[in-house]
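# Residue-level structural notes
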Amino acid sequence: MRTLVQLDEAELNTAIHSQNQMGPPIIEKKGISGAEAVVLSLLAEGVECVFGYPGGAIMPVYDALYDYRDRLTHYLVRHEQGAAHAAQGYARVKRRAGVCMATSGPGATNLITGIADAMIDSTPIVCITGQVGKHLLGTDAFQETDVIGISMPITKWNYQVTRAEEIPEAIAKAFYIAQSGRPGPVLIDITKNAQTEIFDFQYRKCLKIRSYFPKRKVDMNAIQRAAELLNNAQRPFMLIGQGVVLSGAQAEVQEVAEKAGIPVASTLLGLSAMSVHHPQYVGYLGMHGNYGPNVLTNQCDVLFAVGMRFDDRVTGRLDCYAKQAKVIHIDIDPAEIDKNVKTEVAIIADAKEALQALLPLLEVKRYPEWMARFREYNAIEYEKVISKDFAPNTPLPKMAEVVHLLSQKTKGKAIIATDVGQHQMMATRYYEFDEPYSNVTSGGLGTMGFCLPASIGAKIGRPDREVIAIIGDGGFQMTMQELGVIMQYHIPVKIIVMNNNYLGMVRQWQQLFFDRRYSNVDIQNPDFVKIAEAFGIPARRVEKREQLSQALDELLNSHSAYFLEVMVEKEDNVFPMVPAGTCIADIRLE
């Protein structure tokens, strides 16, 4: 077997596609430009598509892409922020790094919001930016920006390439770092001279980096102590977050819950890690989560957190969060341990590996009285909140109605992408996720404008699944230019804009906490249907409840993209709600 191969064009594809059998091959091609090396490096990592926008400092790479367009699809976004979010959506459903590309200066800085979003939500993306020539660095040259300095706090790793010879190793490291351990964004900034220099190319996939230890071996002593706590618990409660999704530990969570009889609740980003129909699943945590899981967090005796970081939207005030409970925390990132909530047992490990080690040590348990408490609280929530959301006495449909009906019609099997705001909370509360890797949303950063480009990336990543974007009228206008991507590449994303002519979540806070002083939240919107039609997308507006079911059928039956605007109740509020700065148990139902 050859370990060093000199490839001509015909041999290149074979070596790339056989790397899983061979192990990471060294690829050698003599006398190529740094720009072509970028493309060959991406192909060597199995990259299928790139989201980007060309410009002067990245133009050599775009020229090299021309010769490989049959093997590497480039999607031209309408704004670089859209490239980063599309790469995120792709990564979330594909379970591999998404790739985005931009030029220097404003092109690079336009990626920053998406990079920050990916960092806080642990999404692996590889960002490649062009940069002015090495001799111009630091001179304030045209479109020069210190993107390395700007992006340092919001990337797992970044690096500036100033010589062509550095490109293969930098890109190999980028993919390894982005996808290993706790995933996240990386950025490679490549000067223009490095793109045009000629060198002899070699590529080997990165398998290890000195002093970087992305995943620890499971500590069996900690596993044993965790098992003892759970086996002796009277009211155990399991909280699952995105770490379960990222590690692919859905089956292990279910096995642990079924064997040990533990009720399970999910964070926002943990949604779809467990079917909402599973008998051990008790609901959704957080500021607008379910009544029972929030209140009973402060009544459990063992709190078992897996792959979640105790975000403030989940905990509320830390001084009154689960003080009665002994906490077991599984997280791959040691920085998350004891950061917010003090633990009794810390297990720094991959969630899947930790749960596999724990499972044989657990006793078969059942907690009928404890489980009954969740059902009691859920019944209260249904009476005071959910029943009113599903059967309202309002002229226009409510957001909950739209989501509930959509969930019924898709049987909880679609990938749901959401933006940020009231519609996001309604979608994540009422869509009954029944398949894994189905929830694509902006969690920690709360980025308005995330949904539309992320849904495009998700559909490209999983063309076999229905992808539905649920967006508010405010967030839609932040990135609605990405309808052009749907138009140009015929991407069959289904889009639902819930329009209340308000920045709804801000308005809700102003209503509840600022004496209805509605300051700059009443938003005048254009005709969204005409805009969608201008992009060649079939579109319809719903203004009456009686039209909703048929309109959703039209959307779901469409073989192309489809745009549905639903005029919803103008001053609809999302409840339950934990007011900011209060204890998690102080949850309001109205």
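Our structure's up above, just so we're on the same page.
Basis of the calculations
Residues numbered from 1 in each chain as written. Predicted model: local features only at pLDDT ≥ 70, side-chain atom pairs only at ≥ 80, totals over all residues. Heavy atoms only, no water. Helix = DSSP H or I, 4+ residues; strand = E, 2+ residues; numbered from the N terminus. Rg over C-alpha atoms; globule rule 2.2 N^0.38 Å. Buried < 20%, exposed > 50% of the residue type's maximum accessible area, 1.4 Å probe, protein only. Areas by Shrake-Rupley, 256 points an atom, 1.4 Å probe, with all protein chains shown as cover. Lys, Arg positive; Asp, Glu negative; His and termini not counted. Charge placed at Lys NZ, Arg CZ, Asp CG, Glu CD. Disulfide = S-S within 2.5 Å. Pairing = 2+ DSSP bridges. Right-handed = clockwise from strand over helix to strand, strands pointing away. Bend = angle between axes of the 7 residues up to and from the residue. Contact = heavy atoms within 4.5 Å. Axes fitted to C-alpha atoms, helices over the stretch in contact; angles between N-to-C directions. Phe/Tyr/Trp six-rings, centres within 6.5 Å; stacked < 30°, edge-to-face > 60°. Lys NZ or Arg CZ within 6 Å of the ring centre and 35° of its normal. Core = buried A, V, L, I, M, F, W, Y, C linked by side-chain atoms within 4.5 Å. Domains from an automatic or database assignment.

### Points about the overall build of the chain
Along its length, the chain carries 25 helices and 21 strands. In terms of overall size, the chain behaves like a compact globule, its C-alpha atoms giving a radius of gyration of 25 Å where 590 residues would be expected to give roughly 25 Å. Across its three principal directions, the C-alpha atoms of the chain cover 70 × 60 × 45 Å. Burial analysis of the chain (590 residues in total) assigns 61% to the buried set. Here the chain displays about 23100 Å² of accessible surface, and carbon together with sulfur accounts for 50% of that area. Once the 59 positive and 67 negative side-chain charges of the chain are each reduced to a mean point, those two points are 3 Å apart.

### Points about the state of the cysteines
Counted according to the given criterion, the structure contains 1 disulfide. Two residues, Cys-320 and Cys-583, share a disulfide whose sulfurs are 1.8 Å apart. Across the S-S bond linking Cys-320 and Cys-583, the dihedral sits near -105 degrees, which makes this disulfide left-handed. With Cys-320 in the loop between helix H15 (312–315) and strand S14 (326–331) and Cys-583 in the segment after strand S21 (562–567), this residue pair connects regions lying 263 residues apart in the sequence. For Cys-320, a relative accessible area of 17% corresponds to the buried category. With a relative accessible area of 12%, Cys-583 lands in the buried category. The closest cysteine sulfur to the non-disulfide-bonded Cys-49 is located on Cys-100, 11 Å from its own sulfur. You can call Cys-49 buried: its relative accessible area is 5%. Cysteine Cys-300 shares no disulfide, and the gap to the nearest cysteine sulfur, in Cys-320, comes to 14 Å. Assessed through its relative accessible area of 0%, Cys-300 is described here as buried.

### With respect to the pairing of strand S4 (residues 73–76)
Here strand S3 (residues 49–52) runs beside S4; their pairing, made up of 4 bridges, is parallel. If you follow Gly-52 over to S4, its bridge partner there is Leu-76. In this fold, the crossover linking S3 to S4 by way of helix H4 (residues 59–66) has right-handed handedness.

### A closer look at helix H17 (residues 368–390)
Along H17, the sharpest kink reaches roughly 50 degrees, centred on Tyr-382. By the burial criterion, the buried members of H17 are Trp-370, Met-371, Phe-374, Tyr-377, Glu-381, Val-385, Ile-386 and Asp-389. Summarising the contacts, the buried residues of H17 are in contact with strand S10 (236–240), strand S12 (281–284), helix H14 (291–296), helix H18 (399–410) and helix H19 (422–430).

### Thoughts on the sheet that holds strand S16 (residues 415–418)
Reading across the sheet, the 6 strands line up as S17-S16-S18-S19-S21-S20 and stay open at both edges, with parallel pairing between neighbours. Taken across any chain shown, the strands that pair with only one partner, and hence form the sheet edges, are strand S17 (439–440) and strand S20 (539–542). Relative to the sheet, helix H20 (residues 451–461) contacts S16, S17, strand S18 (467–472) and strand S19 (494–499), its axis offset from that of S18 by approximately 175 degrees. Docked against the sheet, helix H25 (residues 548–557) engages S18, S19, S20 and S21, running at close to 160 degrees with respect to S21.

### Focus: the environment of Leu-303
Mapped onto the elements, Leu-303 comes out in strand S13 (residues 302–306). Overall, the relative accessible area of 0% leaves Leu-303 in the buried class. Separated by 220 residues in the primary sequence, Leu-303 and Ala-83 have C-alpha atoms spaced 39 Å apart. Among residues more than four places away in sequence, those in contact with Leu-303 are Phe-237, Leu-239, Thr-297, Phe-310, Tyr-321, Ala-322, Ala-325, Lys-326, Val-327 and Ile-328.

### Some points on the packing of aromatic side chains
Enumeration according to the criterion identifies 17 aromatic pairs in this entry. Ring geometry for Phe-476 against Phe-563: centres 5.5 Å apart, planes inclined by 45 degrees, an arrangement best described as tilted. Of the two residues, Phe-476 is situated in helix H21 (residues 473–479) and Phe-563 in strand S21; the sequence distance between them amounts to 87 residues. Across the pair, Phe-563 and Phe-476 agree in class, each one buried. Members of the aromatic cluster, joined through ring pairs, are Phe-51, Tyr-75, Tyr-90 and Tyr-489. The ring of Tyr-66 has Arg-69 sitting right over it, with the charged end atom 3.9 Å from the ring centre. For Lys-570, the ring lying beneath its charged end belongs to Tyr-502, and the centroid distance is 4.1 Å.

### Focus on the nonpolar core
Among soluble globular proteins, nonpolar side chains are generally buried collectively. Residues Phe-237, Met-238, Leu-303, Phe-304, Ile-347, Leu-355 and Ile-496 are the most contacted members of the largest nonpolar core, which totals 103 residues. Here this core spans two domains, since at least three of its residues come from each of domain 2 (220–374) and domain 3 (391–580). Among residues more than four places away in sequence, those in contact with Ile-496 are Val-402, Leu-406, Ile-468, Ala-469, Ile-470, Ile-471, Leu-552, Leu-555, Leu-564 and Val-566. Core analysis: the second largest hydrophobic core is formed by 53 residues, Ile-115, Val-440, Ile-486 and Val-497 among them.

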